[in-house]
Amino acid sequence: MLCNETTSTRDLILLGLKRHGERSVGEMAKELQITEMAVRRHIQALEKDGFVQTKLVRQAMGRPTTKYLLTEKGEERFPRNYLPLTLGFLKDIEELSGIDMIHVLFEKRKERLLAEYANQMKGCSFSERVEVLAQIQNDNGYMVEWKKIDDDTYQFIEYNCPISQVAKAYPVACACEKKLFKELLQTEAVVDNCCAAKDEAGYCSYTLKKPSVDG
């Protein structure tokens, strides 16, 4: 971010919306000391990218005023450190109910994700399921790269694991992810070659093999 003038102006617009909640073009132009036309150009780009949305505010008299505010995607541009809270809750649950309850929670999460994503795999061949899985993981921030090794085998690499610190404390998180992959891909042949939470590689690598009967 802040690599050039255009990006910097858009960052400042996002920062202003974060601070004030919602702003008009005129308010942003005055704050940034640029023209309203320039603000509209940047806002259009931010809307197209899904960071900003519009809101019509009715006035006592006259036409409604157009205000702009951050979308959920826009909100996520700002740092949020959920890790201490998450780990704190998990440690409290372990202390109160034991490690078995932690396993139950991660299994529950796996089942929830399975129910959420299974429909996206319906009617897909194995290679299509791998592609859909990669898109799902990319959407969740895993930075996936995958490639076909042979007719039956794929290499699947995740260069970023958003839950790696949680998984270091509770390896059951990785075990449940592997189970999720097996159930979504409908194969038992999922091999975890290395893990960002356990190994020094800094990424997670899997070998995915098509089942004997591709369903």
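Data block above holds the structure.
This one's a predicted model, so the numbers in the text were calculated from it and none came from an experiment.

Novice: Which parts of the structure should I look at to understand the nonpolar core?
Specialist: Membership of the largest hydrophobic core comes to 36 residues, with the highest contact counts inside it found for Phe 106, Phe 156 and Leu 208. Mapped onto this core, the elements with two or more residues apiece are helix 5 (83-97), helix 6 (99-121), helix 7 (126-139), strand 4 (153-158), helix 8 (164-169), helix 9 (172-185) and strand 6 (204-209). When residues in this core are grouped by element, the largest group, seven residues, is from helix 9. The contact partners of Phe 106, leaving out residues within four places of it in the chain, are Leu 90, Val 166, Tyr 170, Val 172, Ala 173 and Cys 176. If you look at the next biggest cluster of nonpolar residues, it comprises 14 residues, including Leu 17, Val 39, Tyr 68 and Phe 78.

Novice: Would you explain helix 3 (residues 36-48) in this entry?
Specialist: One turn of an α-helix holds 3.6 residues; hence residues three or four places apart share an orientation. Taking 1.5 Å as the rise per residue, helix 3 with 13 residues should run 18 Å; its terminal C-alpha atoms sit 18 Å apart, in good agreement. What helix 3 keeps buried is the set Ala 38, Val 39, His 42, Ile 43, Ala 45 and Leu 46. Around the axis of helix 3, the buried residues are gathered within 160 degrees of arc, so they sit on the same side. Exposed positions of helix 3 whose direction lies more than 90 degrees from the buried face are Met 37, Gln 44 and Lys 48. Gly 50, located one to two residues past helix 3, shows a positive phi value of around 85 degrees.

Novice: Where do I start with the packing of helix 5 against helix 6 in this structure?
Specialist: The relative placement of two packed helices comes down to the angle between their axes together with the axis-to-axis distance. At a minimum axis distance of 7 Å, the contact between helix 5 and helix 6 shows a crossing angle of 130 degrees. Between helix 5 and helix 6, the angle falls in the class oblique. Between helix 5 and helix 6, the residues in contact are Leu 90, Ile 93, Glu 94 and Ser 97 and Ile 99, Met 101, Ile 102, Leu 105 and Phe 106, respectively. Partitioning the contact of helix 5 with helix 6 into residue classes produces seven nonpolar, one polar and one charged.

Novice: Help me out: how do you make sense of the sheet that holds strand 3 (residues 144-150) in this one?
Specialist: Pairing between the strands of a sheet is mediated by backbone hydrogen bonds and can be parallel or antiparallel. Strand order in the open sheet formed by four strands is 3-4-6-5, and the pairing between neighbours is antiparallel. Each edge of the sheet is formed by a strand with only one pairing partner; in this case those strands are strand 3 and strand 5 (190-194). For this sheet, the mean inter-axis angle between neighbouring strands, taken without regard to orientation, is 20 degrees. Strand direction decides the pairing type here: strand 3 and strand 4, joined by six bridges, are antiparallel. Looking at the pairing, Val 144 lines up with Glu 158 of strand 4. Across the sheet, helix 7 lies against strand 3, strand 4 and strand 6, angled at about 0 degrees from strand 4, the strand it touches most. Across the face of the sheet, helix 9 comes into contact with strand 4, strand 5 and strand 6 while running at roughly 145 degrees to strand 5.

Novice: Just checking my understanding: could you explain unusual backbone geometry for this structure?
Specialist: The general pattern is negative phi for most residues beyond glycine and trans for most peptide bonds. Backbone geometry places Gln 33, a non-glycine residue, at a positive phi of 60 degrees. Residue placement: Gln 33 occurs in the loop between helix 2 (25-32) and helix 3. For Gln 33, a relative accessible area of 72% corresponds to the exposed category. Positive phi, close to 50 degrees, is recorded for Met 143, a residue that is not glycine.

Novice: Honestly, the pattern of salt bridges in this entry has me stumped. Any pointers?
Specialist: Any two side chains of opposite charge can pair, on the condition that their charged atoms come close. Scanning the entire structure with this criterion turns up 14 salt bridges. Glu 27 is the salt-bridge partner of Lys 67, the closest N and O atoms lying 3.3 Å from each other. Placement of the pair is Lys 67 in strand 2 (residues 65-70) and Glu 27 in helix 2, with a sequence separation of 40 residues. Here Asp 151 and Lys 148 are joined by a salt bridge, their closest N and O atoms 4.0 Å apart. Residue classification places Asp 151 among the exposed residues on the basis of a relative accessible area of 61%. Taken together, the shared-partner salt bridges connect Glu 107, Lys 110, Glu 111, Lys 179 and Glu 183 into one network.

Cut-offs used in this document
- Residues numbered from 1 in each chain as written.
- Predicted model: local features only at pLDDT ≥ 70, side-chain atom pairs only at ≥ 80, totals over all residues.
- Heavy atoms only, no water.
- Core = buried A, V, L, I, M, F, W, Y, C linked by side-chain atoms within 4.5 Å.
- Buried < 20%, exposed > 50% of the residue type's maximum accessible area, 1.4 Å probe, protein only.
- Helix = DSSP H or I, 4+ residues; strand = E, 2+ residues; numbered from the N terminus.
- Contact = heavy atoms within 4.5 Å.
- Expected span 1.5 Å × (residues − 1).
- Arc of directions from axis to C-beta.
- Axes fitted to C-alpha atoms, helices over the stretch in contact; angles between N-to-C directions.
- Parallel < 35°, antiparallel > 145°, perpendicular 65-115°, else oblique.
- Nonpolar A, V, L, I, M, F, W, Y, C, P; charged D, E, K, R; others polar.
- Pairing = 2+ DSSP bridges.
- Salt bridge = Lys/Arg side-chain N within 4 Å of Asp/Glu carboxyl O.

In short, the description is geometric, and any link to function would need to be established separately.
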